[in-house]
Amino acid sequence: MNCKVTLVDVNPKMIAAWKDTFENNPEVEVLHGSMLDQAVQAWVSPTNSKGSMDGGLDAVIKNHLGGGVEKSLQQTIKAQHGGHLPIGYAVCTPTNLTQPKYLISTPTMVASSEDVSQTMNVAMACAAAFQAVNLQNHHEPGSIRSVALPGLGANTGRVPVEICADLMWTGYNLFTDGEYRTYEQLRMALESVVGKLDPMSGSVPSAKPATDATPAAAAAAAATGDFDDFDDAGDDTVVDDDIGGDDDEDDDDFDDFE
C-alpha cells in the first residue's frame, strides 16, 4: 500500500501488543501518544453505523476539529449508504483543514457501546479503513500519503489488546499484496483468511481459518471466544479522554468519491 501507516494509542498495553504483532512490518510506525498530535493526512476514527461522534476517540476528534465534521460525516453516510454505514465499510470525509485533510470513519459496532470482543469487527473495520484510503487515492492520486489508526475496538468494544493487534494485522496484511476494486472483493479476501462471515450480521465467522498461522489463528480465537492462549484477555481499558476507542446496496466501486 503506497501510504505511510502509523498506529497510535494512549494505552501502553496496546502499544506493546502492536509492537509484538507488527514486528516483521518495519514499515508500520507504532507510537504511544495522542491521535491529535499526528501530522498525517488522514486520521482513522472508529465509530458506529450512524456516524455519531458522541464518545471515545470520536468525541475527542469532534471537539478538536469542530462539530461540523460530524455533520459532514453523517451527510456522507446518508448519501453513500442511506444513513447506515455497515461494518466492513468506511467513508472518507474532507475536514477542510490542512492537517488532517481527511477523516476516515469505520464502524466497529452498529450502535454505541457494544461488546464486539467475540466478532471479527476489528479486522473488518481496519481493512475497510485502508480500502477507503485506496479509493480516495484512486479518485485523487496522492491525496492520502499518510494515515494514523488507533486501537480499534480496544476500549468501548472490549476487545483485548492482543486480539485487537492480531485482527488489525489481519486487516493490514490484506493490502500488502494487492488492492480491491470494491468492498465486496475486500470481504471475500478477508473470508479467505478468517473463514466465512455471517451474511446477516457481517461480523461473526461461521468457520475458522484454513491456516493456523499467527495472527490468523488469533483472528479465529477472537471470533470463537478461545482466548486461552493470550495472557491479557481481560479488561485493558485505560481511562483517558483520547483512548483509541469506539463510541459508541451500496455504491462500492471506485466511483464512490465522484
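Above: the structure in question.
Residues numbered from 1 in each chain as written. Predicted model: local features only at pLDDT ≥ 70, side-chain atom pairs only at ≥ 80, totals over all residues. Heavy atoms only, no water.

Peer 1: How do you make sense of the sheet that holds strand S1 (residues 4-9) when you look at a structure like this?
Peer 2: Pairing between the strands of a sheet is mediated by backbone hydrogen bonds and can be parallel or antiparallel. The strand order S2-S1-S6-S3-S5-S4 describes an open sheet built from 6 strands, whose pairing is mixed. Of all strands in the sheet, those bounded by a partner on one side alone are strand S2 (28-32) and strand S4 (91-94). Going across the sheet, the axis of each strand differs from the next one's by a mean of 30°, ignoring polarity. Bridge analysis of strand S3 (residues 42-48) against strand S5 (residues 102-109) gives 7 bridges, and the strand direction is parallel. From the neighbouring strand, Ser45 faces S5, where its bridge partner is Ser105. Helix-sheet contacts for helix H2 (residues 56-65) involve S3 and S5, and the interaxial angle to S3 is about 130°. This element, helix H4 (residues 121-139), spans S1, S3, S4, S5 and strand S6 (146-149) of the sheet and lies at about 155° to S5. (Pairing = 2+ DSSP bridges. Helix = DSSP H or I, 4+ residues; strand = E, 2+ residues; numbered from the N terminus. Axes fitted to C-alpha atoms, helices over the stretch in contact; angles between N-to-C directions. Contact = heavy atoms within 4.5 Å.)

Peer 1: What exactly am I supposed to notice about the pattern of salt bridges here?
Peer 2: Pairing of side chains with opposite charge becomes possible as their charged atoms draw close. A complete count under the given rule lists 4 salt bridges for this structure. Among the salt bridges present, the one from Lys62 reaches Glu70, with a minimum N-O distance of 3.4 Å. Of the two residues, Lys62 and Glu70, neither departs from the other in class, the shared state being buried. Residues Glu191 and Arg187 are paired through a salt bridge, measuring 3.8 Å at the closest nitrogen-oxygen approach. Highlighted residues: Glu191 and Arg187, both in helix H6 (residues 183-194), separated by 4 residues, approximately one helical turn. (Salt bridge = Lys/Arg side-chain N within 4 Å of Asp/Glu carboxyl O. Buried < 20%, exposed > 50% of the residue type's maximum accessible area, 1.4 Å probe, protein only.)

Peer 1: Explain unusual backbone geometry to me, please; I cannot follow it from the model alone.
Peer 2: Excluding glycine, most residues fall at negative phi; most peptide bonds, likewise, are trans. Residue Pro100 follows Gln99 across a cis peptide bond; omega there is -5°. Positionally, Pro100 belongs in the loop between S4 and S5. Non-glycine residue Asn96 carries a positive phi angle of around 65°. Within the element layout of this structure, Asn96 appears in the loop between S4 and S5.

Take it as geometry only, folks, not as evidence of what the structure does.
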